[in-house]
Amino acid sequence: METDAAKARQTMDNALSEHADAIAKAGVPTEAEMREADVPWPETEEELLSYIHGLVDRPHDYGTCAYAMSMAATAAFRYVANHLGTSGFQASCADMDILRRTRSFKWGRLVDFEKLLYPQYLNNEHFPSPGALIYEHREELSKRAKALLEQSDGMVHPEVLAHWRLLAEA
């Protein structure tokens, strides 16, 4: 006799399989492909609406829905920014306002761990305790520092180069 949990799992497995089959049959991007896809800079309302409809009017699974939302929002953001001729500063303010509105941010800030790769940011203004964060994320920082060292050909500030070498050895 099948338990309720087993029935629920089978129902979910069937739904996931149906979604995957529909995505494959339609020849549309998978979740992984959407995550890596570039988003256009639509110049006309028609281009924007066509792009949004292409994202919405296709088969989806749990993950592709999230990317369809973010990609449509990014395309709309770019369309408006282009038509208003906004500066980078205005765009960054708009980015933060979007997060405030969609995530109900009341107080705080976002922290970009990528800046841990650059010694000029290793201070309390940017990170409350940079040493602890470097230690906690040493494996990823090491991987990224090695990649930066390979790409740089040594054409970076000596302090940055020394910092990357130190992180790469971690």
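Data block above holds the structure.
Residues numbered from 1 in each chain as written. Predicted model: local features only at pLDDT ≥ 70, side-chain atom pairs only at ≥ 80, totals over all residues. Heavy atoms only, no water.

### Some remarks on the overall build of the protein chain
Summing up its helical and strand segments, the protein chain has eight helices and zero strands in all. Walking the protein chain from its N terminus toward its C terminus, one meets helices and strands in the order α-α-α-α-α-α-α-α. Here the C-alpha radius of gyration of the protein chain, 22 Å, is well above what a compact globule of 170 residues would show, namely 15 Å. In terms of its C-alpha atoms, the protein chain occupies a principal-axis envelope of roughly 60 × 55 × 40 Å. Relative to its full complement of 170 residues, the protein chain shows a buried share of 21%. Considering only contacts within the protein chain whose residues lie at least 6 apart along the sequence, 55% involve residues at least 24 apart. Of the roughly 12500 Å² of accessible surface on the protein chain, a fraction of 57% belongs to carbon and sulfur atoms. Averaged over its 17 positive side-chain charges, the protein chain has a centre that lies 6 Å from the centre of its 27 negative ones. (Helix = DSSP H or I, 4+ residues; strand = E, 2+ residues; numbered from the N terminus. Rg over C-alpha atoms; globule rule 2.2 N^0.38 Å. Buried < 20%, exposed > 50% of the residue type's maximum accessible area, 1.4 Å probe, protein only. Contact = heavy atoms within 4.5 Å. Areas by Shrake-Rupley, 256 points an atom, 1.4 Å probe, with all protein chains shown as cover. Lys, Arg positive; Asp, Glu negative; His and termini not counted. Charge placed at Lys NZ, Arg CZ, Asp CG, Glu CD.)

### Observations regarding the packing of helix α3 (residues 45–56) against helix α4 (residues 62–84)
Where α3 contacts α4, the axes come no closer than 9 Å and their chain directions differ by 175°. Between α3 and α4, the angle falls in the class roughly antiparallel. Contacts from Glu45, Leu48, Tyr51, Ile52 and Leu55 of α3 reach α4 at Ala68, Met71, Ala72, Ala75, Ala76 and Tyr79. Here the contact of α3 with α4 is built from residues that sort into ten nonpolar, no polar and one charged. (Axes fitted to C-alpha atoms, helices over the stretch in contact; angles between N-to-C directions. Parallel < 35°, antiparallel > 145°, perpendicular 65-115°, else oblique. Nonpolar A, V, L, I, M, F, W, Y, C, P; charged D, E, K, R; others polar.)

### Regarding the packing of aromatic side chains
Any pair of aromatic rings gets described here by the distance separating the centres and the angle formed by the planes. Throughout the structure, instances matching the rule amount to one aromatic pair. Above the face of the Tyr121 ring, Lys115 is positioned so that its terminal group lies 4.9 Å from the ring centre. The ring of Tyr135 has Arg138 lying over it, and the distance from NZ or CZ to the ring centre is 4.0 Å. (Phe/Tyr/Trp six-rings, centres within 6.5 Å; stacked < 30°, edge-to-face > 60°. Lys NZ or Arg CZ within 6 Å of the ring centre and 35° of its normal.)

### With respect to a nonpolar patch on the surface
On the surface, Met96, Phe105 and Leu110 cluster together into a nonpolar patch covering about 280 Å² of accessible area. Summarising the element assignment, Met96 is placed in helix α5 (residues 88–103). With relative accessibility at 39%, the residue Met96 sits in the partly exposed group. (Patch = residues over 30% accessible without salt bridge, like charges linked within 9 Å, V, L, I, M, F, W, Y side chains within 5 Å. Salt bridge = Lys/Arg side-chain N within 4 Å of Asp/Glu carboxyl O.)

### Structural notes on α4
Helix length check: α4 (23 residues) gives 34 Å between terminal C-alpha atoms against 33 Å at 1.5 Å per residue, within 8%. Listed in full, the buried residues belonging to α4 are Gly63, Thr64, Ala68, Met71, Ala72, Ala75, Tyr79 and Ala81. Tucked into the core, α4 has its buried residues touching α1 (4–26), α2 (31–36) and α3. Where α4 begins, the side chain of Asp61 points an oxygen toward the backbone nitrogen of Gly63, at a separation of 3.0 Å. Gly85 occupies a position one or two residues after α4 and carries a positive phi of about 65°. (Expected span 1.5 Å × (residues − 1). Polar contact = N/O pair within 3.5 Å; in protein donor to acceptor, adjacent residues only side chain to side chain.)

### Considering the pattern of salt bridges
This model, assessed by the stated rule, comprises six salt bridges. Asp97 serves as the salt-bridge partner of Arg100, at 2.7 Å between the closest nitrogen and oxygen. One end of the pair is Arg100 and the other is Asp97, both in helix α5 and three residues apart, which spans about a single turn. One salt bridge connects Arg101 with Asp97, and the closest N-O pair in it is separated by 2.5 Å. Here the residue Arg101 and the residue Asp97 both occupy positions in helix α5, the gap between them amounting to four residues, near one helical turn. The exposure class assigned to Asp97 is partly exposed, which follows from its relative accessible area of 25%.

Function-wise, these values are silent; they only describe arrangement.
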